Each structure stands twice: as structure tokens, then as C-alpha cells.
Amino acid sequence: MKSTTVANRLRSGEWPLLPYLHELENRFAEIEPNVLAFVPEEHRWTRLYREADDLLRRYPKPENRPPLFGAPIGIKDIFHIDGFETRAGSRLPPEELSGAEASTVTRLKDAGALIIGKTVTAEFAYIAPGPTRNPCNPEHTPGGSSSGSAAAVAAGLCLLALGTQTVGSINRPAAFCGLCGFKPSYGRVPVDGVIPLAPSVDHVGWFASDVDGIELAAQALVPDWKSSLTHGRPRFGIPDGPYLDHVTPDARLGFQETCETLRANGYVLIEVSAFPDFEELYRSHHLLVAAEAAQVHENWYRKYKPLYRPETAELIERGLKASASDLEIARAVRLRQGAHLAALMQQHGIDAWISPSATGPAPHGLNSTGDSVMQLPWTQAGVPLLSIPTGVIRGLPVGIQIAGSWGNDETLVRSAQGIESLFASRRTR
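In short, a report on the structure. (Residues numbered from 1 in each chain as written. Predicted model: local features only at pLDDT ≥ 70, side-chain atom pairs only at ≥ 80, totals over all residues. Heavy atoms only, no water.)

1. As for the packing of aromatic side chains
Enumeration over the complete set of coordinates arrives at 17 aromatic pairs. Where Phe-28 meets Trp-45, the ring centres are 5.4 Å apart and the plane angle is 75°; that geometry is what we call edge-to-face. Taken together, the residues span a long stretch of sequence, with Phe-28 in helix H2 (residues 17-35) and Trp-45 in helix H3 (residues 44-58) at a distance of 17 residues. Considering the side-chain rings of Phe-275 and Phe-278, the 6.3 Å spacing of their centres and the 50° angle between planes classify their relative orientation as tilted. (Phe/Tyr/Trp six-rings, centres within 6.5 Å; stacked < 30°, edge-to-face > 60°. Helix = DSSP H or I, 4+ residues; strand = E, 2+ residues; numbered from the N terminus.)

So this is what it looks like as C-alpha cells:
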């Protein structure tokens, strides 16, 4: 069922809120112990029923209800929420990590959402995984670092969920879990109230089961979202070259089949050499992330170094070795990357880029969150990026991601709705 249908039925009262919440509680009790998408919370449902009662008292008439009235939403545990501890998947004392509520969370509350709870994150939104399992196959990773948010939506435990992306932490888990994941243009959604990893490339984004759900969240989270904007079929660029060499052979074949389907349905796709220096872009981005993470964690790391997991400690130690000039160069590369993509799009008449949303299906095991390499150039450039599931390989979801030009998020989301419908039947093969 479409995300907008669920939201409309809750708002209209066709689905009374308290019985709906009771059904969700039963589903949570059945599924969550096997998925582990949420940070444990004592008296979760007592709180939620109280908040639902408050919503019903505030908005007794359906015609006055806000758009996300009663919609269950998960929040990655690096966002501050009033009344909740923020642990960020770490062993640090939560009082060290406290802060004012994120404005994105406040906006969702103002839109009528019910916060189901904090979702599991890799430690400090990096790569040390939490306990979350992939609902599509519990022996496989759900991706990261927004692992809990992706798994929660995929398991039907919430309608929408907030995540963050510094390299590939939204679009990759969306691909692994068979969801839509959206990373807006850099700066379009505020990051206040969110524990940073690398501020120059941190993005707030979200998950939904469909593109309509992505736009539903955008209307609440992006202050100037132009939901009435329409757009025809985009002309796609395929970033050929060393970037695509990171994709596994079966995923590359699946991507080629997806491109053929798009062409057969009237879409124009052209191959463009976009990242001939991809390995340099890769090194530069990871240097930037390490250096800025070291700055963010400087005081915490000095006090609590033994409490950090090895993966996060290695990142910080690597960042501490970066010089000020190294960081300045990496930030300059980021800016040049955005300008380079914009110039290529203009030169070739491209409206958006299309690429695989991961190197392949979700890897087996829970000790890694998978490879974020396919998101790196788009996150580095700060352009909007939307993942769409397109099929399965070996019983696990795979998809594509489309990247637009900076600031044209609405056009990207709206044009993706037609693409999504082409592959709906393949998502369950």
C-alpha cells in the first residue's frame, strides 16, 4: 500500500488511530526481536498511546489534521529528540552527547507524526555496525550507517524514517533493503541537532517504501518544497569508466537490463566519461571525512578513547594525521566536483545521472555494512540522490540511483515516479 494512502487514511479517520497503533504494536512485538531496528526503549507503547491521545485531543476533526497525523516514523540515533537519550551507537556516556532537538524532528512532530523511537546506527554514523538485520534476509547486512532506519521501514515497523549520509549511509541501505532512499541537495535540509561526522558532506535524508512517501516527507522537511512542480522524462547520463568498474558482474548485468528497459520505454540514456580520476576523488573524500571526524571528536576521543570501537578509532587516528593543507585541498576537490558535474550535464544535455545503487546485493554477514563507493561522487558533489528498487539478484533487492543537479530535488523526485512504476513487478520476483 502506498505511503500516501496510509497517511491519508490515518488523517481522515478511515483508519482510527488507536486501533492502528494497536496493530502496529502487535507487528512490532512479532518482527522487531528478529530485526533489531530500534534502540530499546522502556514503556515505548505507553508513551505512544499517550502521544496518540494527545494528537486526537488536539485534532478531533479530520479536516484540521496535519498531513502526517499519526504516521509512525523512526529517527536515527544521532538526532536529538526531546525526552530521549542520544547514544549514537556508542558506549560514550549519553550526557556527553546531549543537545537540543533537531529541527527536522520538530518539523515531523508539527506535521502530526508519531515518533516510534530511535533507530540503530553504526557507531557515530560511520561503519562499525549495530545489531540490526536485513528484513529481506536476516543473514545479510541491512547496510549502514542508517541501518535501523532502513530496516524499520522495510519491515513495516514505521511509515518513514530519518537517516543521514556522509558517503553512502542512506542510498546503500535503501538498496539493500528494497526501499526508496533520498539524500537531498547539500544544505536543503538543516542538520542542526544531529551529531556530525564530517560537516562538509553530512546530509539529512529519509527512507520510504515508495517515491510518493519520499515526497510526503519532503513536504514536511524541506521548507521551500515545491510539490506542484511537474517534469517530463529526464535525459539520463550513465557515468561510464572506472566508477562502474566497482560493480559486481551480476549487478552490472542487472543495471544494463534496467537501462534497456528504460530505453524501451522512451527514455534517452547516453554514456559519459564522468569520473576518469575516480580513485583520486575516492581518496580525497575519505581524507575529508577522516579529518573532519577527528575535529568533531577531538574532545570526546581524548576523554573516552578506550570506549570507541576500532573502526571509528582508526578513522579518527587517520584524521588526526591529516594536515590543514590536506583538508583544504579535499574541501576544494568537493567544490570542483559539483561544478564539474554541472558542466557535464550542460555539455551533454543531461537532466540526471543513473547508476547502480550499490556494488551488488547486500553482502552476507553482519560484521560489515557493505561498500558505499557507488554513492561517493554524488555525496561529494552535494547533489540530490534517490535510490529506487528495480529487481532482485539471488533473492536480494537491487536498484538504481538517480542523481540530479544541485537544488533541483523536486524535479528529481517527480521524474522518478514514472521510473518506479516500470519496475514494480520486478521487486518481488
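Here the narrative resumes.
2. Describing the packing of helix H9 (residues 278-296) against helix H12 (residues 324-348)
The interhelical angle for the contact between H9 and H12, taken along N-to-C directions, is 125°, at an axis separation of 9 Å. One finds that H9 runs oblique with respect to H12. Two packed elements cross with a definite hand, and for H9 against H12 that hand is left-handed. Facing Leu-281, Ser-284, Leu-287, Leu-288, Ala-291, Glu-292 and Gln-295 of H9, the residues of H12 in contact are Asp-326, Leu-327, Ala-330, Arg-331, Val-333, Arg-334 and Gln-337. Of the residues assigned to the contact of H9 with H12, the class counts are 7 nonpolar, 3 polar and 4 charged. (Axes fitted to C-alpha atoms, helices over the stretch in contact; angles between N-to-C directions. Parallel < 35°, antiparallel > 145°, perpendicular 65-115°, else oblique. Left-handed = near helix turned anticlockwise from the far one by under 90°. Contact = heavy atoms within 4.5 Å. Nonpolar A, V, L, I, M, F, W, Y, C, P; charged D, E, K, R; others polar.)

3. Focus: the environment of Ser-368
Mapped onto the elements of the fold, Ser-368 is located in the loop between strand E8 (352-356) and helix H13 (376-381). Along the primary structure Ser-368 and Glu-280 are separated by 88 residues, whereas in three dimensions their C-alpha atoms are 24 Å apart. Within the structure, the side chain of Ser-368 is placed 3.1 Å from the backbone nitrogen of Gly-370, a separation counted as a polar contact. (Polar contact = N/O pair within 3.5 Å; in protein donor to acceptor, adjacent residues only side chain to side chain.)

4. Examining helix H4 (residues 103-110)
Restricting attention to buried positions, one finds in H4 the residues Ser-103, Thr-104, Val-105 and Leu-108. Where the residues of H4 are buried, they touch strand E1 (72-76), strand E3 (160-165), strand E5 (203-208) and helix H7 (211-221). In the stretch just after H4, Gly-112 is the one whose phi turns positive, near 100°. (Buried < 20%, exposed > 50% of the residue type's maximum accessible area, 1.4 Å probe, protein only.)

5. Focus on the pairing of strand E7 (residues 268-273)
Note that strand E6 (residues 235-240) and E7 share 6 bridges and pair parallel. Its bridge partner being in E7, Gly-237 is matched across the sheet by Ile-270. As for the winding sense of the linkage, the β-α-β connection from E6 through helix H8 (residues 249-264) to E7 is right-handed. (Pairing = 2+ DSSP bridges. Right-handed = clockwise from strand over helix to strand, strands pointing away.)

6. Considering the sheet that holds strand E10 (residues 396-403)
What holds strands together in a sheet is hydrogen bonding between their backbones, with the strands either parallel or antiparallel. Across the sheet, which stays open at both edges, the 10 strands sit in the order E2-E1-E3-E5-E4-E9-E10-E8-E6-E7 with mixed pairing between neighbours. Pairing within the sheet leaves two strands with one partner each, and these edge strands are strand E2 (114-119) and E7. For this sheet, the mean inter-axis angle between neighbouring strands, taken without regard to orientation, is 30°. Inspection of the sheet shows strand E4 (residues 180-183) paired to E5 by 3 bridges, in the antiparallel sense. By the bridge assignment, Phe-182 is partnered in E5 with Trp-206.

7. Brief notes about the pairing of E3
The side chains of a regular strand alternate, first on one face of the sheet and then on the other. For E3, the tally of buried residues reaches 6 of 6 residues, placing the bulk of the element in the interior. Side chains Leu-160, Leu-162 and Thr-164 project from E3 onto one buried face, and the interleaved Ala-161, Gly-163 and Gln-165 project onto a second face that is buried too. Across 5 bridges, E3 lies against E5 in antiparallel orientation. Note that in E5 the partner of Ala-161 across the bridge is Phe-207.

All we've got here are geometric facts, nothing functional implied.
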